[in-house]
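The residues making up each chain are set out below.
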Amino acid sequence: MDQFERRDFLKKATIGVAGGVAALAGCSPASDEKPGAPAVHTRKKYEWKMVTTWPPHFPILGEGADMLARWIDEMSGGQLKITVYGGGELIPPLEGFDAVSQGTVEMCHGAAYYWAGKAPATQFFAAVPFGMNGQQLNAWIYSGGGLDLWQELYAPFNLVAMPVGNTGVQMGGWYNREMNSIADFHGLKMRIPGLGGKVIAKAGGSAVLSAGGEIYTNLERGVIDATEWIGPYHDYLMGFFRAAKYYYYPGWHEPGTALELIVNRTAFEQLSSDLQRVVETAAARSNAWMLSEFEAKNSAYLGKLTTEHNVVLRRFSDEVLKTLRGFSVEVENEVAEVDPMSKKVYASFDAFRKNIDPWAALSEKLYYSAIGG
Ligand code: CA
């Protein structure tokens, strides 16, 4: 019996038999099968696992993954239950891609740039220096063909991808010296991941990889000269204001980093279409929730950093930003040349970014100026 026949059957059972509604509304399979009751088929239940690249219940990101699982449970009437595991609880944090691809677990919440080693084009679905902000990136993904390309990229890995969260514009990072000109990047040792790290390397610095738990100590001991993390809320929680003097903006390297949910394609296709829509709808809700949460928390904690801890805010000069932007274009084009899929994804991303510019110039950009921001 396929899902449409089953739905039709359930409908007839509901209409035709007194008490059918109650039976459908939550009786257990055992009660459906009591003598004399109609043979109502209980919908199949699923128990899935979701791993994350974040520590357990990590602010906003891990909390969002927890809420996503809860919403799917509630929206499906308990039909799809998902147990969430923080990074390292079930598997190491950055092994989620393989685990979901192989079906060891059904879902992973993380960010696409963690999988650059699997497919370089993944980076265009997370963070591109001087790329689009969160709103624009969602526009490309949902309405500009990005989502179809994302599925095309992940299909060979037996994965379905969905945007689930966005950090908004990040901060430029914590530095223990002033960054007045591009020459100040020479010899700079900075913890900065992804394409931004490649830009720093072109500027004469070196990108250092550190696990989240080691960054503060490395910064305090001078193992690194600078670090970026996310924005005021998370950076406050990490305590970076105690280890570095200058807090630079804007976060040119991550102007609106998208987070992602990946789902094992085989498992996803086994769900009835209504359950698939539940997963997609909960994912979309979670996508909006995380961006909203970042906006609200970052504004509150920026104030705490400057008023309670006298953090010195510094803006990168136009000359520094212009030079870094030039390096960024080189980096993007290098990624696009790695394989045909990277070229295809970058072409779409870059065209959308260029096309959205004239509209942004006379809408958001002008509006911010007009209100004195
Ligand atoms: Ca970051």
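Residues numbered from 1 in each chain as written. Predicted model: local features only at pLDDT ≥ 70, side-chain atom pairs only at ≥ 80, totals over all residues. Heavy atoms only, no water.

A. Molecular detail of the coordination of the calcium ion. At this site the calcium ion is bound by Gln170 (OE1), Glu228 (OE), Glu228 (OE), Trp229 (O) and Glu254 (OE), with donor distances of 2.2 to 2.9 Å. Summarised as a motif, the one-chain spacing of the donors to the calcium ion is Q-x57-E-W-x24-E. With Gln170 in the loop between β4 (159-166) and β5 (173-175) and Glu228 in the loop between β8 (226-227) and α10 (232-238), this residue pair connects regions lying 58 residues apart in the sequence. Considered together, Gln170 and Glu228 belong to a single accessibility category, that of buried residues. (Donors = N, O, S within 2.8 Å, 3.2 Å for Na, K, Ca; no water. Helix = DSSP H or I, 4+ residues; strand = E, 2+ residues; numbered from the N terminus. Buried < 20%, exposed > 50% of the residue type's maximum accessible area, 1.4 Å probe, protein only.)

B. Just the nonpolar core, in detail. In terms of nonpolar packing, the biggest core is built from 109 residues, with Trp140, Tyr154 and Phe185 touching the most fellow members. For this core, the element with the highest residue contribution is helix α12 (residues 273-308), accounting for 9 residues. Contacts of Trp140, omitting those with residues within four sequence positions, involve Phe124, Phe125, Met132, Gly145, Gly146, Leu147, Leu149, Val345, Ser348, Phe349 and Phe352. (Core = buried A, V, L, I, M, F, W, Y, C linked by side-chain atoms within 4.5 Å. Contact = heavy atoms within 4.5 Å.)

C. Here's a closer look at a nonpolar patch on the surface. On the surface, Tyr249, Leu302 and Leu313 cluster together into a nonpolar patch covering about 220 Å² of accessible area. With a relative accessible area of 33%, Leu313 lands in the partly exposed category. (Patch = residues over 30% accessible without salt bridge, like charges linked within 9 Å, V, L, I, M, F, W, Y side chains within 5 Å. Areas by Shrake-Rupley, 256 points an atom, 1.4 Å probe, with all protein chains shown as cover. Salt bridge = Lys/Arg side-chain N within 4 Å of Asp/Glu carboxyl O.)

D. Region of interest: the layout of surface pockets. Approximately 1,800 Å³ is the volume attributed to the largest pocket. Around the largest pocket sit 40 residues that line it, and Asn133, Val169, Pro250, Pro255 and Tyr368 are the ones nearest its centre. Ranked by the residues each element gives to the lining of the largest pocket, the list is headed by α12, at 6 residues. Taken together, the residues of the lining of the largest pocket break down into 18 nonpolar, 13 polar and 9 charged. Taken as a whole, the second largest pocket encloses approximately 850 Å³ of empty space. The wall of the second largest pocket is formed by 31 residues, among which Leu94, Tyr114, Arg191, Ser210 and Trp229 lie closest to the centre. At the level of elements, α8 (194-202), β7 (206-208) and α9 (212-220) are the ones that each hand at least two residues to the lining of the second largest pocket. Of the residues that constitute the lining of the second largest pocket, the class distribution is 19 nonpolar, 9 polar and 3 charged. (1 Å grid on protein atoms, 1.4 Å probe; cavity = no way out; pocket = protein on both sides within 12 Å on 5 of 7 lines; lining within 4 Å. Points joined across faces, edges and corners; volume = space filled by probe spheres on them. Nonpolar A, V, L, I, M, F, W, Y, C, P; charged D, E, K, R; others polar.)

E. Quick peek at the packing of aromatic side chains. Inspection of the entire model under this criterion finds 23 aromatic pairs. Seen in terms of ring centroids, Phe97 and Tyr154 are 5.7 Å apart; in terms of plane orientation they differ by 85°. Their pairing is edge-to-face. Of this pair, Phe97 sits in helix α5 (residues 96-102) while Tyr154 is found in helix α7 (residues 146-154), placing the two residues 57 residues apart along the sequence. Taken individually, Phe97 and Tyr154 each receive the classification buried, so the pair is uniform in this respect. Their ring planes at 75° and their centres at 6.3 Å tell us that Trp150 and Tyr154 sit as a pair that is edge-to-face. Placement of the pair is Trp150 and Tyr154 together in helix α7, with a separation of 4 residues, close to one helical turn. Side by side, Trp150 and Tyr154 carry an identical accessibility label, which is buried. The ring centre of Trp71 lies 3.8 Å from the NZ or CZ of Arg285, which sits over that ring. When the ring centre of Tyr301 is taken as origin, the NZ or CZ atom of Lys304, which lies over that ring, is 5.5 Å away. (Phe/Tyr/Trp six-rings, centres within 6.5 Å; stacked < 30°, edge-to-face > 60°. Lys NZ or Arg CZ within 6 Å of the ring centre and 35° of its normal.)

Keep in mind that these numbers describe shape and distance, not what the molecule does.
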